[in-house]
Amino acid sequence: MRISVFGLGYVGCVSAACLAHGGHRVIGVDVNPTKVDLINRGALPVVEPGLDTMIAEALKSGTLSATTDAAKAVNETDLSLVCVGTPSQPSGSLDLTYVARVCEQIGAALATKAERHVVVIRSTILPGTSKNLITPALEKASGKRVGEGFGLCHNPEFLREGTAVRDYYEPPKIVIGGSDKKACAAVEVIYQDIKAPLIVTDIEVAELVKYADNCWHAVKVSFANEIGNIAKAVGVDSHRVMEIFCRDDKLNLSPYYLKPGFAFGGSCLPKDLRALAYAARQVDVPVPLLTATLESNRLQIKRGLELVMAAGGRKVGVLGFSFKAGTDDVRESPIIEVIEGLIGKGYDLKLYDRNVRLASLIGANREFLETRIPHIARLMVDRIDDVLAHGDVIVVGNKAQEFQDVLGRLRNGQKVIDLVRIAEARCSDDHYQGICW
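Residues numbered from 1 in each chain as written. Predicted model: local features only at pLDDT ≥ 70, side-chain atom pairs only at ≥ 80, totals over all residues. Heavy atoms only, no water.

The name an unreviewed UniProt entry assigns to the chain is UDP-glucose 6-dehydrogenase, from the organism Candidatus Defluviicoccus seviourii. The Sequence similarities (unreviewed entry) field of the UniProt record for the chain holds the comment "Belongs to the UDP-glucose/GDP-mannose dehydrogenase family." Under the heading Catalytic activity (unreviewed entry), UniProt records this for the chain: "UDP-alpha-D-glucose + 2 NAD(+) + H2O = UDP-alpha-D-glucuronate + 2 NADH + 3 H(+)". (UniProt positions renumbered as here; feature names shortened; annotations may be inferred.)

Encoded structure:
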């Protein structure tokens, strides 16, 4: 392919060199003539192992060149990668000046270009940026419509400094969000020789994926450090602890617990978080991530309560109030806190959970219910139909199999608050609210 790469910083240089090494005809574009001159001389504007050899070979074979002329680069290529920086401003917001400027330059070139062109954003941008900034800038400058006169994609990079070349050829995944199938197909060609999971999705999803990745990595670093600080204070080898932790790829390093939904609860997670945070205080080790996790969980419970109240009905039916489907464990079940809040505000409730029967509960479970909601027996019913007949608002509290068809059994005007995404493909609308979707 003929590809122009806008922005010869870290991501742009690596992308341009790897694409040229793969046989594509690549034109690097930058407003800084020094960077352009360095590339054309076979020198590097950035330091990255292996990059110098690749650029030298690409220059020799004629697959790579660099210019400051944006219009020339667009007119001589079929696809443009935008790799300019999006630095932080003092407020924490992104400075999108460079992205906007490049899109205006590309759009101006597209105004007089007869062939269809695909614009691919590699810069890290927040969801909505393509819709609210990039598309208007390109359309205004070009006089063409996205998806018709040109294609637009978001293709986030997953390159780590120091291993960027290897990461380019061995990525954890390839994500392409596009305006249309034709645009996505053009980007797929770039990666046809790279073996990695290929995900084609919406532009907004692709924009947010990079942030989910990086914030998760930051959380992992901070989590490991807090465990390490506690371990040192109590005389335990932190690396040995985390080596064992990382050997668990069933729960610890896996998709488990990583689907957005309601708060955590049960007899273990809240108790153990509190206990470890307390132990850290005893040895004067601050653990802000661990303590903030409890606060974040509390806010998710509050969010659930607010969603129910915002639905408007005073009669509420709750389907499932054990902390997990298939169990009778109600200890620190977050839905119990929602129920308490609704009772306290005068709502009329009916509750159903096949696995929770007050007469059969013993020990800690029974004590928890009788202490927290002493009159719960009169709220509990024996059939799903009783809940559906009662509630103006139906709250789905766990993912029991018997709730799968509930959405098809509602009467006109009933609203659903779904805390577990009982319907995988459904997103929030006037009659259905998912807590995170």
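That shown, we press on.
Caption draft 1: Summary view of the overall build of the chain. Secondary structure assignment for the chain yields 15 helices and 13 strands. Along the three orthogonal principal directions, the C-alpha set of the chain runs to about 80 × 60 × 40 Å. Evaluated residue by residue, the chain yields a buried proportion of 45% over its 437 residues. Pairs at least 24 residues apart make up 68% of the contacts formed inside the chain by residues separated by at least 6 positions. When the accessible surface of the chain is totalled, it reaches about 21900 Å², and 54% of it is carbon and sulfur. In the chain, 51 positive and 52 negative side-chain charges are present, and the distance between their average locations comes to 2 Å. (Helix = DSSP H or I, 4+ residues; strand = E, 2+ residues; numbered from the N terminus. Buried < 20%, exposed > 50% of the residue type's maximum accessible area, 1.4 Å probe, protein only. Contact = heavy atoms within 4.5 Å. Areas by Shrake-Rupley, 256 points an atom, 1.4 Å probe, with all protein chains shown as cover. Lys, Arg positive; Asp, Glu negative; His and termini not counted. Charge placed at Lys NZ, Arg CZ, Asp CG, Glu CD.)

Caption draft 2: Molecular detail of the domain arrangement of the chain. Assigned domains within the chain: domain 1 (2-203) and domain 2 (299-434). Of note, the centres of domain 1 and domain 2, computed from C-alpha atoms alone, are 49 Å apart. (Domains from an automatic or database assignment.)

Caption draft 3: Highlighting the packing of aromatic side chains. With the rule as written, the count across this model stands at 4 aromatic pairs. Each ring, one from Phe 223 and one from Phe 245, has its centre 5.8 Å from the other, and the planes form 45 degrees; the classification is tilted. Here Phe 223 is found in helix α9 (residues 203-233), whereas its partner Phe 245 is found in helix α10 (residues 238-246), with 22 residues between them in sequence. With a centroid separation of 6.3 Å and 70 degrees between ring planes, the pair formed by Tyr 352 and Phe 403 is classed as edge-to-face. With Tyr 352 in strand β10 (residues 348-352) and Phe 403 in the loop between β11 (393-396) and β12 (415-418), the pair connects residues that are 51 residues apart, well separated along the chain. The buried category is assigned to Tyr 352, whose relative accessible area is 4%. (Phe/Tyr/Trp six-rings, centres within 6.5 Å; stacked < 30°, edge-to-face > 60°.)

Caption draft 4: Seen up close, the pattern of salt bridges. Within the structure shown, the criterion is met by 21 salt bridges. Measuring nitrogen to oxygen at the nearest pair gives 2.9 Å for the salt bridge that ties Arg 160 to Asp 167. Residue Arg 298 is joined to Glu 295 by a salt bridge in which the shortest nitrogen-to-oxygen separation is 2.7 Å. Residue Arg 298 and its partner Glu 295 are located together in helix α12 (residues 288-310), separated by 3 residues, close to a single helical turn. Residue Glu 295 is classed as partly exposed on the basis of its relative accessible area, which comes to 35%. Through salt bridges with shared partners, a single network forms among Arg 383, Asp 385, Asp 386, Asp 405 and Arg 409. (Salt bridge = Lys/Arg side-chain N within 4 Å of Asp/Glu carboxyl O.)

Caption draft 5: Representation of the side chain of Gln 300 in the model. Tracing the sequence through the fold places Gln 300 in helix α12. Only 2.7 Å separates the side chain of Gln 300 from the backbone oxygen of Gly 261, close enough to count as a polar contact. Apart from residues lying up to four places away in sequence, Gln 300 is in contact with Gly 261, Phe 262, Ala 263, Ile 435 and Cys 436. (Polar contact = N/O pair within 3.5 Å; in protein donor to acceptor, adjacent residues only side chain to side chain.)

Caption draft 6: A look at the nonpolar core. One finds Val 316, Val 318, Leu 319, Phe 321, Ile 335, Ile 339 and Phe 403 to be the most contacted residues of the largest nonpolar core, which totals 47 residues. Among the secondary structure elements, those contributing two or more residues to this core are α12, β9 (315-319), α13 (334-344), β10, α15 (384-390), β11 and β12. At 5 residues, the largest contribution of residues to this core is made by α13. Excluding residues that lie within four positions of it along the chain, Phe 403 makes contacts with Leu 319, Gly 320, Tyr 352, Ile 384, Val 396, Asn 398 and Ile 422. Ranked by size, the runner-up nonpolar core spans 41 residues in total, among them Val 5, Tyr 10, Ile 174 and Val 187. (Core = buried A, V, L, I, M, F, W, Y, C linked by side-chain atoms within 4.5 Å.)

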